[in-house]
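# Coordinate inspection notes
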Amino acid sequence: MTAKIMTLLGTRPEGIKMAPVVKEIERTDNLISIFVNTAQHREMIDQVLDLFQLVPEYDLNVMRPKQRLEELTMRLFQGITPILEKEKPDMVLVHGDTTTTFVGAYAAFLQQIPVGHIEAGLRTNHMYSPFPEELNRQLVGRLATYHFAVTEANKQNLLKENVAEKNIAVVGNTVIDALLEITSRHYQFEGELASIIHSTKKTILVTTHRRENIDELKHVYRAIQRIVEQHEDVQVVFPVHKNPLIRQKVMREFVDMKQIYLIEPLDYEEFLHVLKHCYMVITDSGGIQEEAPALGKPVLVARDTTERPEGIDAGTSKVVGTSEEKIVALCEQLLRDEAAYNEMANAPNPFGDGYSAKQIVHTIQSLAEETRAIYQRNTDEVIYR
Ligand code: UD1
Ligand code: UDP
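First, a word on scope: everything that follows refers to the structure included in this document.

Rules behind the numbers
Residues numbered from 1 in each chain as written. Chains lettered and ligands numbered in written order. Predicted model: local features only at pLDDT ≥ 70, side-chain atom pairs only at ≥ 80, totals over all residues. Heavy atoms only, no water. Helix = DSSP H or I, 4+ residues; strand = E, 2+ residues; numbered from the N terminus. Rg over C-alpha atoms; globule rule 2.2 N^0.38 Å. Buried < 20%, exposed > 50% of the residue type's maximum accessible area, 1.4 Å probe, protein only. Contact = heavy atoms within 4.5 Å. Areas by Shrake-Rupley, 256 points an atom, 1.4 Å probe, with all protein chains shown as cover. Polar contact = N/O pair within 3.5 Å; in protein donor to acceptor, adjacent residues only side chain to side chain. Salt bridge = Lys/Arg side-chain N within 4 Å of Asp/Glu carboxyl O. Arc of directions from axis to C-beta. Pairing = 2+ DSSP bridges. Axes fitted to C-alpha atoms, helices over the stretch in contact; angles between N-to-C directions. Parallel < 35°, antiparallel > 145°, perpendicular 65-115°, else oblique. Nonpolar A, V, L, I, M, F, W, Y, C, P; charged D, E, K, R; others polar. Near = heavy atom within 4 Å.

### A short note on the overall build of the chain
If you tally the helices and strands in the chain, you get 16 helices and 13 strands. For a compact globule of 385 residues, the expected C-alpha radius of gyration is about 21 Å, and the chain comes in at 21 Å, within 12% of that figure. In terms of overall dimensions, the chain has C-alpha extents of about 70 × 40 × 40 Å along its principal axes. Among the 385 residues that make up the chain, the fraction classed as buried is 59%. Pairs at least 24 apart in sequence give 67% of the contacts found in the chain among residues at least 6 apart. For the chain, the computed accessible surface area is about 16300 Å², with 50% contributed by carbon and sulfur atoms.

Shown next as structure tokens:
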């Protein structure tokens with residue numbers, strides 16, 4: 001007897017972090033993989049799926065330029081529900097905290113299909129930071145039956161919310177699986193990126209996209225502008241997120257483009273190699289806080305909170321918020337003080353060892369074994385319910 005596992009994803013980071021899981025399910029004999037791309041992102045998810053050579057069984061194509069979260073939510077429900085009705089999976093896997101994740105989990109719950117939540121238990125406990133992701137992940141914590149936590153601290157967060165310990169597995173973060181797979185491939189920079197990256201200047205890699213940050217980003221950008229003005233030997237590479245609201249801000253704030261390269265989102269492989277070559281990172285991204293320590297790069301987190309305190313505790317990242325003065329001061333320190341730089345760069349990566357997808361799929365298989373004995377009496381098809 002086999003179990004049908006439906007994986008739902010739609011944004012760039014979900015694609016990157018779920019790719020190792022989908023591949024592992026596909027490789028496993030007694031699991032049938034149904035992979036649904038909601039395409040909450042379009043170009044940015046397509047880049048990822050091409051790179052990992054993943055072809056979804058369904059593509060919901062829900063992205064519309066600048067659509068409100070309410071519209072996105074509606075489109076997702078309308079798209080996901082009929083697929084659940086048709087496919088009747090034994091389990092739905094969702095990842096993290098996006099709108100795709102929340103709607104996917106809730107739609108599955110309404111059909112009483114068990115949900116497995118990957119990257120479970122991250123919390124800031126500030127409802128609007130990040131917005132709307134903190135509430136999404138808390139709600140999915142209630143809706144899910146199985147919780148794949150990244151760290152022991154994430155597990156503790158779930159236990160505090162009365163999640164049953166037997167339903168939590170600590171498995172690390174699948175982003176490290178993805179990173180190790182992609183960086184093991186031969187790669188060479190090409191075109192303009194090659195000449196930027198091979199310059200003798202120190203590169204600061206910048207990304208920003210958080211909704212709750214949008215009005216404050218001008219302070220971050222001014223700090224960056226000041227840093228390049230003060231350091232001729234520093235350049236900034238800034239792949240700008242496709243969100244038009246972010247693009248407007250970036251274009252408005254960077255007036256003098258000397259030493260600043262605003263570029264299109266890089267495909268994941270290019271991005272990892274830029275990360276590998278850069279000196280340090282300024283970002284409000286979640287995933288990059290996890291990848292940078294795996295490649296020995298200090299991270300300044302341009303947000304007021306982080307749900308990844310493991311990076312702070314390990315010494316690899318510092319929360320700087322959107323304060324211009326704080327960002328300038330910490331960059332100055334990292335650019336001038338070798339000991340301070342090395343302390344952050346050499347801090348250990350607390351987010352995983354590259355075997356997370358295997359552990360997740362192994363857990364799913366043993367859940368299937370456990371529940372099979374109980375439920376086989378009722379039906380030959382449904383394993384988990
Ligand atoms: C979403 C997630 C966020 C995640 C981020 C990763 C939610 C609420 N937020 O935020 O948790 O960190 O993805 O990047 O789910 N756009 C394009 N092409 C693309 C992608 C986006 O044009 O390939 C534009 C569209 O106009 C879209 C807008 O960006 O409406 C915003 O996209 P959306 O998915 O709503 O939010 P993100 O800010 O990307
Ligand atoms: N990333 C990428 N190209 C880029 C910028 C980021 O492939 O130009 C990758 C990055 O390596 C990480 C993920 O996108 O794995 C992070 O996505 P994002 O910052 O959009 O979302 P978050 O992680 O904050 O949810």
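Still more ground to cover, so stick around.
### Details of the environment of Thr38
Along the chain, Thr38 turns up in the loop between strand S2 (31-37) and helix H2 (43-52). Owing to a relative accessible area of 0%, Thr38 belongs among the buried residues under this scheme. For the pair Thr38 and Asp59, spaced 21 residues apart in sequence, the C-alpha separation works out to 5.6 Å. In terms of polar contacts, Thr38 uses its side chain to reach the backbone amide nitrogen of Gln40, at 3.3 Å.

### Quick notes on the side chain of Thr174
Relative to the assigned elements, Thr174 resides in helix H7 (residues 174-183). Given a relative accessible area of 1%, Thr174 falls into the buried group. Side-chain polar atoms of Thr174 contact the backbone oxygen of Lys17, separated by 2.5 Å. Not counting the four nearest positions on each side in its chain, Thr174 is found in contact with Lys17, Pro20, Val21, Ser356, Ala357 and Ile360.

### Section: the pattern of salt bridges
Enumeration according to the criterion identifies 28 salt bridges in this entry. Here Asp46 ties to Arg42 by a salt bridge, and the two come within 2.7 Å at their closest N and O atoms. The exposure class assigned to Asp46 is partly exposed, which follows from its relative accessible area of 26%. For Arg42, a relative accessible area of 19% gives the class buried. The structure contains a network of salt bridges with shared partners spanning Lys17, Asp97, Glu119, Glu134, Arg137, Glu290, Arg303, Glu307 and Arg308.

### Some thoughts on helix H15 (residues 338-345)
The complete set of buried residues in H15 reads Ala340, Tyr341, Met344 and Ala345. For H15, the angular spread of the buried residues around the axis is 125°, confining them to a single face. Seen from the buried face of H15, the exposed residues on the opposite side, beyond 90 degrees, are Glu338, Ala339 and Glu343. Between a side-chain oxygen at the N-terminus of H15 and the backbone nitrogen of Ala339 the separation is 3.1 Å; the capping residue is Asp337.

### Quick look at the sheet that holds strand S3 (residues 58-59)
The 7 strands are arranged S3-S2-S1-S4-S5-S6-S7 in an open sheet whose pairing can be described as parallel. The open sheet has two edge strands, S3 and strand S7 (168-170), and neither has a second partner. Sheet topology places strand S5 (residues 115-120) next to strand S6 (residues 146-149); 4 bridges connect them, and they run parallel. Bridged to Ile118 within S6 is Phe148.

### So, the packing of H7 against helix H11 (residues 268-277)
The description of two packed helices rests on the angle between their axes and on the distance between the axes. Look at H7 against H11: their axes get within 10 Å of each other, and the N-to-C directions meet at 90°. In terms of orientation, H7 and H11 fall into the roughly perpendicular class. Residues Val175, Ala178, Leu179, Ile182 and Thr183 of H7 touch H11, and the partners they reach there are Tyr268, Glu269, Leu272 and His273. Classifying every residue of the contact of H7 with H11 gives 6 nonpolar, 2 polar and 1 charged.

### Re the environment of Ile25
Mapped onto the elements of the fold, Ile25 is located in helix H1 (residues 12-27). Look at Ile25 and you get buried, because its relative accessible area is 0%. Sequence-wise, Ile25 and Val361 are 336 residues apart; in three dimensions their C-alpha atoms are separated by 6.5 Å.

### Topic: the site of ligand 1
By nearness alone, 25 residues border ligand 1, and Gln40, His41, Glu43, Lys66 and Glu133 come closest of all. Arg211 places a side-chain nitrogen or oxygen 3.0 Å from an oxygen atom of ligand 1. Within the complex, 95% of the 750 Å² of free accessible area of ligand 1 lies under protein. Here the shell around ligand 1 is built from residues that sort into 7 nonpolar, 9 polar and 9 charged.

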